There are 2 protein chains.
Amino acid sequence: MPLGKRMDFGDAKYAGVEVAWACDIVETLENALTTGFDFVMAPLVHPRFRRPAPTALPRGTFQPPFTRSDLLLGSGQWGGQVVGKISPWIDCDSANAALARDSAAALAQELAWAAHLSLQAVALPPPQQPLNAANYARVLNEVLGGVASMALWLRIPAAAPTLPDDPSDGDAASSSSSAEGAVLVADPWEWWNQIRFLCHHSPRLGVALELGADLPSEANLQRWRGEPLKAVVVPTSAFLTNKRGFPALPKRHQDFLTECFKRGVQVVLSGNPHHTSPEAAQPGGNAVAVAADGAALAAAAANPLRLYWEYLSFLFRKIEAASEQELVEMSYRDYLQSPLQPLQDNLESQTYETFERDGTKYTTYEEAVYRCLLDRVPQEEAESRVTVLMVVGAGRGPLVAASLRASVRARRRIRIYAVEKNPNAVVTLQNRAIADGWEGTVTIVPADMREWDAPEQADVLVSELLGSFGDNELSPECLDGAQRFLKPDGVSIPQAYTSQLQPITSHKLWNDVRAYDDLEHFETAYVVKLFKFCPLAPTQDVFTFEHPNRAHVIDNTRSVKLSFECTPPGGTVCHGFAGYFDAKLYNDVHLSIHPPTHTPNMFSWFPIYFPLREPFYVPQGARMDVAMWRCAGKHKVWYEWAVTAPHGAATPIHNPGGRSYYVGL
Amino acid sequence: MPLGKRMDFGDAKYAGVEVAWACDIVETLENALTTGFDFVMAPLVHPRFRRPAPTALPRGTFQPPFTRSDLLLGSGQWGGQVVGKISPWIDCDSANAALARDSAAALAQELAWAAHLSLQAVALPPPQQPLNAANYARVLNEVLGGVASMALWLRIPAAAPTLPDDPSDGDAASSSSSAEGAVLVADPWEWWNQIRFLCHHSPRLGVALELGADLPSEANLQRWRGEPLKAVVVPTSAFLTNKRGFPALPKRHQDFLTECFKRGVQVVLSGNPHHTSPEAAQPGGNAVAVAADGAALAAAAANPLRLYWEYLSFLFRKIEAASEQELVEMSYRDYLQSPLQPLQDNLESQTYETFERDGTKYTTYEEAVYRCLLDRVPQEEAESRVTVLMVVGAGRGPLVAASLRASVRARRRIRIYAVEKNPNAVVTLQNRAIADGWEGTVTIVPADMREWDAPEQADVLVSELLGSFGDNELSPECLDGAQRFLKPDGVSIPQAYTSQLQPITSHKLWNDVRAYDDLEHFETAYVVKLFKFCPLAPTQDVFTFEHPNRAHVIDNTRSVKLSFECTPPGGTVCHGFAGYFDAKLYNDVHLSIHPPTHTPNMFSWFPIYFPLREPFYVPQGARMDVAMWRCAGKHKVWYEWAVTAPHGAATPIHNPGGRSYYVGL
């Protein structure tokens with residue numbers, strides 16, 4: 001049965017248990033289901049049955065069945081309740097040629113068998129020759145290129161295993177002959193990374209992370225956030241005994257597991273029970289608790305792993321409920337959206353509706369207008385002086401309403417021009433002017449702010465033309481066009497905005513871009529609610545714009561070189577860049593989606609994602625140099641970007657001439 | 001006028017001269033042509049005319065023409081006789097923002113002007129900020145992505161320039177802040193490499209290598225052999241004075257220039273004349289030489305650079321004439337051919353004819369059969385014993401003829417079965433049997449050797465089924481099929497063969513593969529007469545096959561891991577791998593295209609080229625690990641390959657499952 005009822009963590013509510021070989025898989029499965037688990041991770045073939053490759057057998061040699069019959073379970077059971085385990089003796093990269101040959105044949109055979117059973121997933125043992133696993137990867141890659149939809153879960157220990165006593169034994173030694181090699185072998189993430197690169201980042205190859213009693217550092221674990229983590233294997237040996245004699249995980253394990261649940265990662269319990277007599281702790285226990293535990297104890301007697309399942313269920317259920325906002329955003333997580341083209345296209349009613357729902361944004365604007373009004377008009381002129389506001393890009397009116405509220409709060413008189421180029425939104429504005437009694441204060445202007453011939457000069461230009469990367473929806477070009485009707489001492493709200501960038505790991509986003517199967521999509525930026533990602537370095541500022549721009553000739557092209565010092569405590573992989581912005585609406589009043597200063601409870605903007613054509617490996621502590629340009633032609637604005645260091649990772653310049661992605665003027 | 005009459009070095013016979021700015025380019029060009037040069041490398045704009053970017057000028061500012069009129073020359077002259085020089089002050093990556101901005105605008109302006117003039121090529125100054133040239137590359141990349149067909153020649157000094165005295169000055173310092181950075185900046189190849197990667201290996205971006213008075217090591221220069229070297233700039237200051245007072249280049253310069261000529265690289269003379277009075281040397285000179293030099297001296301008086309041109313012409317003309325074989329092969333240089341599919345397709349008459357022209361190959365086969373006959377049949381049985389030869393894949397009969405010659409030389413009797421599956425070749429065999437009197441000795445068998453039911457057992461199986469990579473035309477599978485009619489003590493000629501591999505730089509081959517614009521061609525091997533390439537490490541053995549193969553079950557799949565220690569004295573780039581083979585025909589008699597043991601004067605096989613999907617950077621002295629597999633299915637055989645180290649260069653496994661390239665069984 002599921003660990004809990006909540007639906008928002010995907011498959012994480014289904015927990016599995018690793019089981020030993022049993023000819024009678026029916027009974028094994030029934031036991032697991034009775035205990036509470038939803039699936040078993042079970043060997044496909046007896047784990048000690050090493051068999052010679054067919055090419056090593058004399059022609060016509062009799063071959064007994066290599067495993068039990070598929071008739072034992074129905075195909076629905078195989079598919080829904082069994083994750084296959086590949087035999088642990090398999091060592092395709094062994095220095096022993098016969099073992100390597102037999103291993104490759106057995107691996108291909110077991111994977112074919114798993115596909116025959118329509119298993120949803122197969123768990124693969126960690127490479128026996130870390131960083132020297134090309135043959136292993138070759139068999140996996142061939143299967144991944146086949147027609148089956150089966151997922152492969154490569155088991156990778158979370159913490160570095162103890163190095164073998166005799167490093168001269170076997171192939172692994174040659175990989176670790178250099179100091180660098182030894183360091184790399186000691187980091188199991190590197191094992192995964194080699195196989196993943198050889199399999200060209202296949203979306204069906206994922207990781208089953210094996211936790212030990214000790215966990216590596218928090219920063220080390222963080223690296224997995226951008227990786228395709230499919231399962232976490234928790235050994236019973238990692239459990240401690242709580243005061244009442246029940247199994248419980250150490251705090252850091254709890255936290256990591258909770259993080260995993262939230263990301264939809266499934267848990268698999270592994271190992272033998274170590275907590276068979278919880279009664280032993282009863283004398284020191286709480287009488288009420290003991291009574292409540294009665295049912296659990298009874299179940300535990302029949303199913304010795306029941307207590308562990310109960311604990312996992314407890315952990316799962318105690319995760320705080322998602323907020324309403326989180327529930328709304330859930331369906332956008334890691335979902336690529338093309339940025340708006342607000343100048344070329346007219347927004348739809350639905351889009352306005354979504355934006356207008358963001359109360360925080362408009363109260364922040366209200367605050368900016370409020371402070372601006374107070375600064376511009378002294379108390380003694382409150383009655384006599386009317387401040388002229390022009391809301392450029394008024395949409396359906398939320399900034400008009402916010403400005404009116406600010407005027408009331410500030411006790412300052414205003415006159416508003418609401419300039420909007422979308423004729424459909426103008427209809428809303430006109431109706432609202434009647435309904436909300438705006439007449440006399442608000443003039444609706446159906447025009448493009450870049451061309452409108454204003455009847456008077458404005459004190460304040462209010463706009464919300466920002467995209468996820470600040471200037472990417474052409475706020476600079478629009479405001480430059482509108483500022484000609486701003487008084488010489490007039491103010492633009494926003495006064496300025498700056499974009500930020502940081503390199504990230506995000507296997508999913510990159511694969512989603514790849515799924516389009518063309519170059520254009522690798523040279524396009526996407527608006528995306530980043531979720532399964534890992535930042536590789538602190539953000540850095542990219543482009544800044546200030547308004548009004550009083551330069552003789554306005555140049556909105558930009559060029560920047562950033563140098564990131566990558567912080568993860570080991571190698572990582574970079575799939576592109578996350579972008580944000582921070583806008584100074586008025587003096588200290590900011591709107592920001594830049595993580596360190598994100599405006600609380602504001603959801604109008606998700607970050608932006610700039611992909612790279614190929615992911616690249618980032619050595620520990622590497623400096624990553626990135627060049628980015630904002631370019632402008634007569635009819636369009638676009639970005640180009642490239643990585644120039646580490647030296648071996650230099651990329652081509654992406655999107656030259658805006659060939660794949662641009663914003664039309 | 002051309003440096004010489006020979007046609008086999010492409011454009012190398014046209015030499016150019018770098019000239020200073022002159023408003024009267026007509027006179028400048030005439031002078032150069034009179035001196036002997038075929039083109040000038042001339043500034044497009046006055047080299048000190050730094051002008052502000054249009055975006056930095058107030059609107060409506062009057063702009064005088066930035067350079068002289070295009071009407072001075074006809075478009076044929078601009079296109080055919082002028083290589084444009086980009087202004088040297090341009091520094092797009094300067095820390096001085098105004099200079100960077102003006103530079104990018106001027107560079108774009110000059111390149112647009114050059115395209116307007118239909119120039120064939122433009123010479124670009126070396127990056128002023130080595131390894132920090134992203135902005136420079138961005139402008140170039142945009143032009144390369146445009147419609148013009150103009151080539152860009154990036155000027156790169158051959159030898160490391162002296163580092164600036166004050167390393168804290170300017171942006172360059174930040175690139176060289178690490179020890180590694182400093183080493184990289186000191187190697188001008190790295191400057192080229194950064195810009196080339198940013199421009200994604202554009203086929204229109206090449207190098208004009210500037211020689212100094214001192215040349216770097218031979219190994220250093222070798223790295224340019226695989227790069228798109230378009231021109232060599234030779235300064236007059238590199239010339240010495242010979243005994244007769246004439247300018248002459250040092251020996252190493254001569255050798256390098258000769259190599260360049262042979263590769264079709266053009267020479268451009270640069271600098272002021274330093275040899276204006278050759279008469280001074282006359283007293284010590286040879287009277288006859290002096291007389292012969294009379295005309296040259298007269299010309300030199302009018303054109304002070306004439307003596308240098310004469311010397312370049314002398315160097316060009318003294319290159320030894322190409323051999324007949326070289327002339328034949330010239331048109332195949334760096335030309336990608338798909339390997340034969342001899343089992344699926346029947347060869348054409350023309351293909352047989354080409355193969356049969358290779359006398360060396362057949363005399364080597366004759367020698368192998370000769371020695372084998374002597375070994376198998378002692379003198380005393382020479383008359384009584386008939387050795388049964390089966391020539392499998394007899395084609396149009398060259399191996400039959402070679403075997404017959406061997407039989408005569410060895411005074412041993414033979415009986416030959418000539419087995420051939422191509423019905424068209426069988427016609428030739430049958431006619432030849434009549435015309436050459438083979439009846440009684442040679443039986444023609446129109447059959448596939450894998451299926452033929454032989455009437456008797458053979459002593460010797462003679463075949464020539466090898467491809468450029470040894471086993472790649474399925475010799476193993478064919479001979480395994482044929483060996484069933486070989487006597488238990490029978491011999492196969494060849495007895496064994498081994499393939500070899502080495503990583504190479506080859507900008508041209510990789511770009512030719514890319515021109516197909518699909519994944520398939522990057523996962524295909526090509527037969528190619530390697531010419532403009534640079535090996536990055538000594539070859540290593542890959543796959544070996546021995547015949548006959550007496551294993552119970554024959555397994556012709558193979559798997560190998562190679563570890564190359566890269567030898568170039570600096571960074572390089574790897575575009576894939578060159579493959580060769582060495583076949584042991586009989587004991588010491590080998591046929592080889594493996595460079596260290598290449599059979600002299602044999603031309604039947606060119607090397608094979610395995611490309612990579614993306615070129616990758618190879619740091620100096622790096623170890624490069626490569627995995628390669630020979631895989632077999634029911635109906636096909638294929639290779640897969642991948643790079644697994646350096647770590648940052650790991651590639652996907654190429655050609656999984658033979659999806660792009662295979663040889664049909």
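- The name given to chain A in an unreviewed UniProt entry is Protein arginine N-methyltransferase, and the organism recorded there is Micractinium conductrix.
- Within the UniProt record for chain A, the comment given under Sequence similarities (unreviewed entry) is "Belongs to the class I-like SAM-binding methyltransferase superfamily."

### Section: the overall build of chain A
Then, in step 1: Helix and strand counts for chain A stand at 19 helices and 26 strands.
Then, in step 2: Seen through its C-alpha atoms, chain A measures out along the principal axes to roughly 100 × 65 × 45 Å.
Then, in step 3: When burial is assessed residue by residue, chain A has 57% of its 665 residues classed as buried.
Then, in step 4: The contacts of chain A with a sequence gap of at least 6 include a subset with a gap of at least 24, amounting to 79%.

### Describing the sheet that holds strand β13 (residues 442-446) of chain B
All names here are of chain B.
Then, in step 1: One open sheet accounts for five strands, arranged β13-β12-β11-β14-β15; its pairing is parallel. Single-partner strands in this sheet number two, and they are β13 and β15 (486-493). Each strand axis lies, on average, 25° off the axis of its neighbour in the sheet, ignoring direction.
Then, in step 2: Inspection of the sheet shows strand β11 (residues 386-392) paired to strand β12 (residues 413-420) by seven bridges, in the parallel sense. Note that in β12 the partner of L389 across the bridge is I416.
Then, in step 3: Most of the contacts of helix α16 (residues 423-435) go to β13, to which it runs at about 165°, and overall it touches β12 and β13.
Then, in step 4: On the sheet, helix α17 (residues 475-482) packs against β11, β14 (458-463) and β15 and is oriented at approximately 160° with respect to β14.

### Regarding a nonpolar patch on the surface
Then, in step 1: Judged by side-chain polarity, V328(A), Y332(A) and Y335(A) come together as a nonpolar surface patch covering roughly 290 Å² of accessible area.
Then, in step 2: With respect to the helices, strands and loops of the structure, Y335(A) is situated in the loop between α12 (324-330) and α13 (349-356).

### With respect to the relation of the copies chain A and chain B
Then, in step 1: Superposing chain A onto chain B requires a rotation of 180° together with a translation of 0.0 Å along the rotation axis, leaving an RMSD of 0.0 Å. Taken together, the rotation and translation relating the two chain copies correspond to the operation of a two-fold axis. When C-alpha positions in chain A are compared against the rotation axis, the closest is assigned to G648(A), at 3.3 Å.

### Focus: the side chain of T360(B)
Residue and element names in this part refer to chain B.
Then, in step 1: Note on placement: T360 falls in helix α14 (residues 359-376).
Then, in step 2: In terms of polar contacts, T360 uses its side chain to reach the backbone carbonyl oxygen of N601, at 2.9 Å.
Then, in step 3: The residues touching T360, leaving out its near neighbours within four places in the chain, are T599, P600, N601 and M602.

### Points about the nonpolar core
Then, in step 1: Membership of the largest hydrophobic core comes to 104 residues, with the highest contact counts inside it found for M390(B), I493(B), F610(B), M624(B) and M628(B).
Then, in step 2: Residues from two domains meet in this core; each of domain 2 (349-464) and domain 3 (496-664) of chain B gives at least three.
Then, in step 3: Counting 103 residues, the second largest nonpolar core, distinct from the first, contains C372(A), C478(A), W510(A) and M602(A).

### Description of the interface of chain A and chain B
Then, in step 1: In this assembly, 48 residues from chain A lie in contact with 48 residues from chain B.
Then, in step 2: Approximately 3800 Å² of surface area, both sides summed, lies buried where chain A meets chain B, with 58% of it carried by carbon and sulfur atoms.
Then, in step 3: Contact with chain B buries area across many residues of chain A, yet R138(A), K561(A) and H647(A) alone supply 18% of it, more than any other trio.
Then, in step 4: Its salt-bridge partner being D93(B), residue K561(A) comes within 2.5 Å of it at the nearest N-O pair.
Then, in step 5: The interface formed by chain A and chain B holds 12 residue pairs in polar contact (both at pLDDT 80 or more) in total.
Then, in step 6: Residue assignment for the side of chain A that touches chain B shows that the elements contributing at least two residues are α4 (134-144), α7 (188-198), β20 (558-565), β23 (608-618), β24 (623-632) and β25 (636-645) of chain A.
Then, in step 7: With six residues, the top contributor of residues to the side of chain A that touches chain B is α4(A).
Then, in step 8: Looking at the side of chain A that touches chain B residue by residue, the classes come out as 21 nonpolar, 16 polar and 11 charged.

### Let's talk about the side chain of R306(B)
Residues and elements named next belong to chain B.
Then, in step 1: Structurally, the position occupied by R306 is in helix α11 (residues 306-317).
Then, in step 2: Note on R306: relative accessible area 12%, which makes it buried.
Then, in step 3: Within polar-contact distance, the side chain of R306 engages the backbone oxygen of T35 at 2.7 Å.

### Description of the confidence of the model for chain A
Low pLDDT means the predicted atomic positions in that stretch should not be read closely.
All names here are of chain A.
Then, in step 1: In the predicted model, chain A carries a mean pLDDT of 91, and 93% of its residues have values of at least 70.
Then, in step 2: Note on residues 166-177: pLDDT under 50 across the span, and 17 contacts to partners over four residues away in sequence or across chains.
Then, in step 3: Confidence drops under pLDDT 50 across residues 280-291; counting only partners more than four residues distant or on other chains, this segment forms seven contacts.

### Remarks on the pattern of salt bridges
Then, in step 1: Under the criterion given, the structure shown has 74 salt bridges over all chains.
Then, in step 2: For D489(A), the salt bridge is made with R376(A), and the minimal N-O distance between the two is 3.3 Å. Residue D489(A) is found in strand β15 (residues 486-493), and its partner R376(A) is found in helix α14 (residues 359-376); the two are separated by 113 residues along the sequence.
Then, in step 3: On the basis of relative accessible area, R376(A) is assigned to the buried category, the value being 13%.
Then, in step 4: Between E366(B) and R409(B) there is a salt bridge, with its nearest N and O atoms 3.1 Å apart. A residue pair is termed long-range when its members are at least 10 positions apart, and E366(B) in helix α14 and R409(B) in helix α15 (residues 398-410) qualify at 43 residues.
Then, in step 5: E366(B) sits in the buried class, given a relative accessible area of 9%.
Then, in step 6: Overlapping salt bridges bring together E366(A), E367(A), R371(A), R405(A) and R409(A) as one network.

### Re the sheet that holds β20(A)
Residue and element names in this part refer to chain A.
Then, in step 1: Reading across from one edge, β20-β24-β25-β26 is the order of the four strands in this open sheet, with antiparallel pairing throughout. The open sheet is flanked by β20 and β26 (663-664), the only strands paired with a single partner.
Then, in step 2: Here β25 runs beside β26; their pairing, made up of two bridges, is antiparallel. Bridge pairing links V637 to V663 in β26.

### Comments concerning the UniProt feature "domain: PRMT5 arginine-N-methyltransferase" (unreviewed entry) in chain A
Then, in step 1: Cross-referencing UniProt, the feature "domain: PRMT5 arginine-N-methyltransferase" (unreviewed entry) maps to residues 324-493 of chain A in the present numbering.
Then, in step 2: Between the first and last C-alpha atoms of residues 324-493 of chain A the distance is 30 Å; the span itself is 39% helix and 20% strand.

### Observations concerning the packing of aromatic side chains
All names here are of chain A.
Then, in step 1: With the rule as written, the count across this model stands at 38 aromatic pairs over all chains.
Then, in step 2: Geometrically, the ring pair formed by Y311 and F314 is tilted, given 5.8 Å between the ring centres and 50° between the ring planes. Remark: F314 and Y311 occur in helix α11 (residues 306-317); sequence separation between them is three residues, near one turn of the helix.
Then, in step 3: Accessibility expressed as a relative area gives 8% for Y311, which makes it buried.
Then, in step 4: Centroid distance F469 to F610: 5.1 Å. Interplanar angle 65°. Geometry classified as edge-to-face.

Here is what the cut-offs are and how they apply
Residues numbered from 1 in each chain as written. Chains lettered and ligands numbered in written order. Predicted model: local features only at pLDDT ≥ 70, side-chain atom pairs only at ≥ 80, totals over all residues. Heavy atoms only, no water. UniProt positions renumbered as here; feature names shortened; annotations may be inferred. Helix = DSSP H or I, 4+ residues; strand = E, 2+ residues; numbered from the N terminus. Buried < 20%, exposed > 50% of the residue type's maximum accessible area, 1.4 Å probe, protein only. Contact = heavy atoms within 4.5 Å. Pairing = 2+ DSSP bridges. Axes fitted to C-alpha atoms, helices over the stretch in contact; angles between N-to-C directions. Patch = residues over 30% accessible without salt bridge, like charges linked within 9 Å, V, L, I, M, F, W, Y side chains within 5 Å. Areas by Shrake-Rupley, 256 points an atom, 1.4 Å probe, with all protein chains shown as cover. Salt bridge = Lys/Arg side-chain N within 4 Å of Asp/Glu carboxyl O. Least-squares fit on C-alpha atoms with pLDDT ≥ 70 in both. Polar contact = N/O pair within 3.5 Å; in protein donor to acceptor, adjacent residues only side chain to side chain. Core = buried A, V, L, I, M, F, W, Y, C linked by side-chain atoms within 4.5 Å. Domains from an automatic or database assignment. Buried area = accessible area lost by both parts, 1.4 Å probe. Nonpolar A, V, L, I, M, F, W, Y, C, P; charged D, E, K, R; others polar. pLDDT = per-residue confidence, 0-100. Phe/Tyr/Trp six-rings, centres within 6.5 Å; stacked < 30°, edge-to-face > 60°.

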